[in-house]
Amino acid sequence: MNFPMAFYDKSPKYSKNQLGSLHYGTAGFRTRAENLGHVAYRVGIIAALRSRVRNGQAIGVMITASHNPEDDNGIKIVDPMGEMLEGAWETYATDMVNTPDASLEQFLQRDEPKKLYTPEISVDCANGVGALVLKKMIHFLQELQSSSSPNKKSLKINLFNDLVFVKDVLNNECGADFVKVQQKIPIMKKKDGSSLHVIPNARYASVDGDADRIIYYYVDDSGIFHLLDGDRIAILVAGYLKELIKKTGINIQVGLVQTAYANGSSTKYAIEKLNIPVAWTLTGVKHLHHKAKEFDIGVYFEANGHGTVLFNSRTVEHLTKLLVDERNGLSEDQKANLKKLLVVRDVINETVGDAIADLLLVEAILYDSDWNIQQWLNLYDDLPNRQLKVSLQDCSVVKTEGADVKCIAPAGLQQKINSLVKNYPSGRAFIRPSGTENFVRIYAEADSQKNADSLAAEVAQAVHSLAGSVGDLYEHPL
């Protein structure tokens, strides 16, 4: 972007330190204050370049320790309406801050960052009815593009496992549940029987047989599989809506509804980073759906990818009236973002579970945010977890309350679980009796997979001792 190097101060006080690389995330650059000297100076350059690209609009730079001690500091860039940087610029900022001094002048002659979002996704249809609807939608998108935006790229959707009328293939080694449970790529069959090859870093999604669940995933350059489940979809959607509402200047509340099976890192991110209230309910979308109605905008997804977003009817009425009111006092940018918020609502199917509508919602958010799937994954790190089953003589002896996270019978079991959890960093564990069979499910998470496995096994031992188990100590659920 041809930054004029005559303005660049090459004095040693702004020289890059040698303490390793920094990454620009939601909180900007975060590290100890004494290591931010060259970072703060280069962020100033980034803000100036960003302002030039935005035709001279004001760009903010915020230095803040947030809720941390003063030596744990951070610096981030804020766009004209108070919004976060585009994804491509986050990458540009990361690259600039980590560029050696000797290469900085060459770096600053680079062109404006390229878009990170690519409008293409491959969808595993689980050989179910979703394939029929997706084929119609693909045809509609193609017609829409040719008639209204022939020079723009429409979302390209590639389908596989779409053998709807073939026997014995529905959800067989494919589909959202298979990918979630097995933590691996499904079989990838085309109609002619040939197999697709996995493209590194490309976006993939799986719906289930009746297309009410959706899971995202990709494989990185090293061949490692990465899953983005319902927890991550919920965080993506809730964060985007919160940011969009902020740009409108309107006071409405976004809330997130989860079950106890939601990964603890997603809950922490929602509360601490997004400043969004989180409510917990019993497992089952009927419970989440009713709880979500209590918010102006309620977001819920189970980890299995089943969920949606609900707009309170009073909220919709208020937003619609505000948009047409000529005396609403909103700026042009605020009006534009209000229109966008209502358009986003039109994309959403507020009926429980519509994987195809959820697919379009996620793609719209990634497009508007200019994020690739890696940036989405990097919002937070999942805590490792383990689930086990313990068979009981009589499952009715186990009673729980508080969204299934507190065991009130048999006596002493919850106290034992509490004492075990205290031994593990980031530890959390609960038990939940089956509603149909004589066993309890155990969920445990901790700071490492080893600790999560150990905590789960110890909780299983406590259940075995206090609740009258039968057979093996525990088994891994399928």
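Residues numbered from 1 in each chain as written. Predicted model: local features only at pLDDT ≥ 70, side-chain atom pairs only at ≥ 80, totals over all residues. Heavy atoms only, no water.

**Quick look at the sheet that holds strand β10 (residues 278-280)**
Reasoning step 1: Ordered in space as β10-β9-β11-β12, the four strands form an open sheet in which the pairing is mixed. The sheet terminates laterally at β10 and β12 (307-311), the two strands that pair on one side only. Between one strand and the next, the sheet's axes are offset by a mean angle of 20°, whatever the strand orientation.
Reasoning step 2: Pairing of strand β9 (residues 254-258) with strand β11 (residues 297-301), which is carried by four bridges, proceeds in the parallel orientation. Bridge assignment links Gly255 to a residue of β11, and that residue is Gly298. (Pairing = 2+ DSSP bridges. Helix = DSSP H or I, 4+ residues; strand = E, 2+ residues; numbered from the N terminus. Axes fitted to C-alpha atoms, helices over the stretch in contact; angles between N-to-C directions.)

**Side note on the pairing of strand β16 (residues 428-433)**
Reasoning step 1: In terms of burial, β16 is largely enclosed, as five of its six residues are buried.
Reasoning step 2: With six bridges joining them, β16 and strand β17 (residues 439-445) adopt antiparallel strand pairing. Considered in β17, the bridge of Ala429 is made with Ala444.
Reasoning step 3: Taken together, β16 and the strand that follows it, β17, pair antiparallel across an intervening segment of five residues. (Buried < 20%, exposed > 50% of the residue type's maximum accessible area, 1.4 Å probe, protein only.)

**As for the packing of helix α9 (residues 313-324) against helix α10 (residues 332-347)**
Reasoning step 1: Between α9 and α10, whose axes approach to 10 Å, the crossing angle comes to 140°. Judged by the inter-axis angle, α9 sits oblique to α10. The crossing of α9 and α10 is left-handed. In contact with Val316, Leu319, Thr320, Leu322 and Leu323 of α9, α10 contributes Lys335, Leu338, Lys339, Leu341, Leu342 and Arg345.
Reasoning step 2: Of the residues in the contact of α9 with α10, the class split is seven nonpolar, one polar and three charged. (Parallel < 35°, antiparallel > 145°, perpendicular 65-115°, else oblique. Left-handed = near helix turned anticlockwise from the far one by under 90°. Contact = heavy atoms within 4.5 Å. Nonpolar A, V, L, I, M, F, W, Y, C, P; charged D, E, K, R; others polar.)

**What about helix α13 (residues 413-421)?**
An α-helix turns once every 3.6 residues. As a result, residues three or four positions apart point the same way.
Reasoning step 1: Looking only at α13, the buried set comprises Leu413, Gln414, Ile417, Leu420 and Val421. Projection of α13 onto a plane perpendicular to its axis shows the buried side chains occupying an angular sector of 120°, all on one side.
Reasoning step 2: Those residues of α13 that are buried are in contact with β15 (406-409), β16 and α14 (449-466). (Arc of directions from axis to C-beta.)

**Concerning the sheet that holds strand β1 (residues 29-32)**
Within a sheet, neighbouring strands are paired by backbone hydrogen bonds and run either parallel or antiparallel to one another.
Reasoning step 1: Sheet architecture is open: three strands sit in the order β1-β3-β2, paired in antiparallel fashion. Looking at the sheet topology across the chains shown, the edges are occupied by β1 and β2 (60-64). On average, each strand axis in the sheet is inclined to that of its neighbour by 15°, with strand direction left out of account.
Reasoning step 2: Here β1 pairs with strand β3 (residues 72-78) via four bridges, running antiparallel. Each residue of the ladder has a partner; that of Arg30, found in β3, is Gly74.
Reasoning step 3: Packed on one face of the sheet, helix α1 (residues 37-53) meets β1, β2 and β3 and runs near 10° to β3.

**Here we look at the environment of Arg213**
Reasoning step 1: Along the chain, the position of Arg213 falls in the loop between β6 (204-207) and β7 (214-219).
Reasoning step 2: Reaching out from Arg213, the side chain makes a polar contact with the side chain of Asp177 at a distance of 3.4 Å. (Polar contact = N/O pair within 3.5 Å; in protein donor to acceptor, adjacent residues only side chain to side chain.)

**Examining the environment of Gly298**
Reasoning step 1: Within the secondary structure layout, Gly298 lies in strand β11.
Reasoning step 2: Separated by 81 residues in sequence, Gly298 and Tyr217 have C-alpha atoms that sit 25 Å apart.
Reasoning step 3: Among residues more than four places away in sequence, those in contact with Gly298 are Gly255, Ala292, Thr308, Val309 and Leu310.

**A look at unusual backbone geometry**
Reasoning step 1: Geometrically, the link from Ala409 to Pro410 is a cis peptide bond, its omega value of 5° lying close to zero.
Reasoning step 2: Mapped onto the fold, Pro410 is located in the loop between β15 and α13.
Reasoning step 3: Unusually for a residue other than glycine, Asn275 sits at a positive phi of about 55°.
Reasoning step 4: Its place among the elements puts Asn275 in the loop between α7 (264-272) and β10.

**So, the nonpolar core**
Reasoning step 1: Core analysis: the biggest nonpolar cluster contains 65 residues, and Ile157, Tyr216, Leu241, Val299, Val309, Leu359 and Trp376 have the highest contact counts within it.
Reasoning step 2: At ten residues, helix α6 (residues 230-248) tops the list of elements feeding residues into this core.
Reasoning step 3: The contacts of Leu359, once residues within four sequence positions are left out, are Ile121, Val123, Leu134, Ile157, Ala205, Ile214 and Tyr216. (Core = buried A, V, L, I, M, F, W, Y, C linked by side-chain atoms within 4.5 Å.)

**Some details on a nonpolar patch on the surface**
Reasoning step 1: A cluster of nonpolar residues, Val129, Leu132, Val133 and Phe165, forms a patch on the protein surface that exposes about 410 Å² of accessible area.
Reasoning step 2: Tracing the chain through its elements places Val129 in the loop between β4 (120-124) and α4 (130-148).
Reasoning step 3: Judged by relative accessible area, which is 47%, Val129 ranks as partly exposed. (Patch = residues over 30% accessible without salt bridge, like charges linked within 9 Å, V, L, I, M, F, W, Y side chains within 5 Å. Areas by Shrake-Rupley, 256 points an atom, 1.4 Å probe, with all protein chains shown as cover. Salt bridge = Lys/Arg side-chain N within 4 Å of Asp/Glu carboxyl O.)

**With respect to the environment of Asp124**
Reasoning step 1: Its place among the elements puts Asp124 in strand β4.
Reasoning step 2: Along the backbone, Asp124 and Gly175 are 51 residues apart, and their C-alpha atoms lie at a distance of 6.3 Å.
Reasoning step 3: Those residues in contact with Asp124 that lie beyond four places of it in its chain are Phe160, Asn161, Cys174, Gly175, Pro186, Ala205, Ser206, Val207 and Tyr217.

**Concerning the side chain of Asp162**
Reasoning step 1: Along the polypeptide, Asp162 turns up in the loop between β5 (156-160) and α5 (176-182).
Reasoning step 2: Beyond its immediate chain neighbours, meaning those up to four positions away, Asp162 contacts Cys125, Asn127, Ala131, Lys135 and Lys191.

**Here's the deal with the packing of aromatic side chains**
Reasoning step 1: Evaluated as defined, the whole model comprises 13 aromatic pairs.
Reasoning step 2: A centroid spacing of 5.7 Å and a plane angle of 35° characterise the contact between Tyr217 and Phe225, whose relative ring orientation is tilted. When sorted by exposure, Tyr217 lands in the same class as Phe225, which is buried.
Reasoning step 3: Between Tyr261 and Phe430, the ring centres sit 5.1 Å apart and the planes meet at 75°, which makes this aromatic pair edge-to-face. One end of the pair, Tyr261, is in the loop between β9 and α7; the other, Phe430, is in strand β16, with 169 residues separating them in the sequence.
Reasoning step 4: The rings of Phe160, Tyr204, Tyr217 and Phe225 are connected pair by pair, giving a single aromatic cluster.
Reasoning step 5: In this structure, Arg232 is placed above the aromatic ring of Tyr380, and the distance from its NZ or CZ to the ring centre is 4.1 Å.
Reasoning step 6: Here Lys389 stacks its cationic end above the ring of Phe439, 4.4 Å away from the centre of that ring. (Phe/Tyr/Trp six-rings, centres within 6.5 Å; stacked < 30°, edge-to-face > 60°. Lys NZ or Arg CZ within 6 Å of the ring centre and 35° of its normal.)

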